Amino acid sequence: QIATTDQAQILARIPGILTTLTVREGDIVQKGQVIGRIVDSQLGYQSGAYGAQAAAAQAQAAQAQSDLARVRYLYQNGVYAKARLDQAEAAAAAAQAQVRAAQAQQSAVGAVAGQGAVVAPSTGRVLSANVPAGSPVSPGMAIAVITSGPTVLRLDLPESLAGAVHTGSRVMTSGFDGRDMVGQVIKLYPSISAGQVTADVALPGID
């Protein structure tokens, strides 16, 4: 298999609909590049609801501040007792707390919605992008795979050869790209799967 030393999956971070995907297999992407977007319609409804709550809380806070100003004036003129002023101050403080809580909830929904951007984690070439736009996705679902780092020849060898192959072993290819080539093993993976061991080979000119 022709592969690269590094591969990174681009994962969905929120559930929703993949509305856009702007890359295809073979495209070059830059680290941090937005290549798609996931939209969860429920987040829009939640944001609107919390926005309405914040507006209502702000109206209540304004009324509480107005009442406090009136009570403070009457207290200073000997009409109300100190307990009445304390009650109005507590009501105004509670109303402000409700405003901050509603705004925090709205900001939290906005932050989650912002995670709908599908961002390339590294600079490299798109190896696969098999999820078409318009598809529903869930958190952790792979949208695309980015390859980066040096290109290598990845070999799956019989388990019986595991003891004979090591880092630095020579590898000769015949007729590859119309010519014979010589490379060497640069990495031997420390596991055996389905009776096979995997090795990465540096092969000059394989790019």
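The structure this text deals with has already been given above.
Residues numbered from 1 in each chain as written. Predicted model: local features only at pLDDT ≥ 70, side-chain atom pairs only at ≥ 80, totals over all residues. Heavy atoms only, no water.

1. Quick notes on the sheet that holds strand β7 (residues 136-137)
For step 1, the next point in the chain: Taking strand neighbours across the sheet as the criterion, the 4 strands line up as β5-β4-β2-β7 in an open arrangement whose pairing is antiparallel. Whereas interior strands pair on both sides, the edge strands pair on one side only; in this sheet they are β5 (117-119) and β7.
For step 2, the next point in the chain: Looking at chain direction, strand β2 (residues 16-21) and strand β4 (residues 34-39) are connected through 4 bridges and run antiparallel. Note that in β4 the partner of Leu-18 across the bridge is Ile-38. (Pairing = 2+ DSSP bridges. Helix = DSSP H or I, 4+ residues; strand = E, 2+ residues; numbered from the N terminus.)

2. Examining the environment of Val-23
For step 1, the next point in the chain: Mapping Val-23 onto the fold places it in the loop between β2 and β3 (28-29).
For step 2, the next point in the chain: Among the residues examined, Val-23 registers a relative accessible area of 7% and is labelled buried.
For step 3, the next point in the chain: The sequence separation of Val-23 and Gln-87 amounts to 64 residues, and the corresponding C-alpha distance is 61 Å.
For step 4, the next point in the chain: In contact with Val-23, not counting residues within four places along its chain, are Val-29, Ile-35, Val-126 and Ala-129. (Buried < 20%, exposed > 50% of the residue type's maximum accessible area, 1.4 Å probe, protein only. Contact = heavy atoms within 4.5 Å.)

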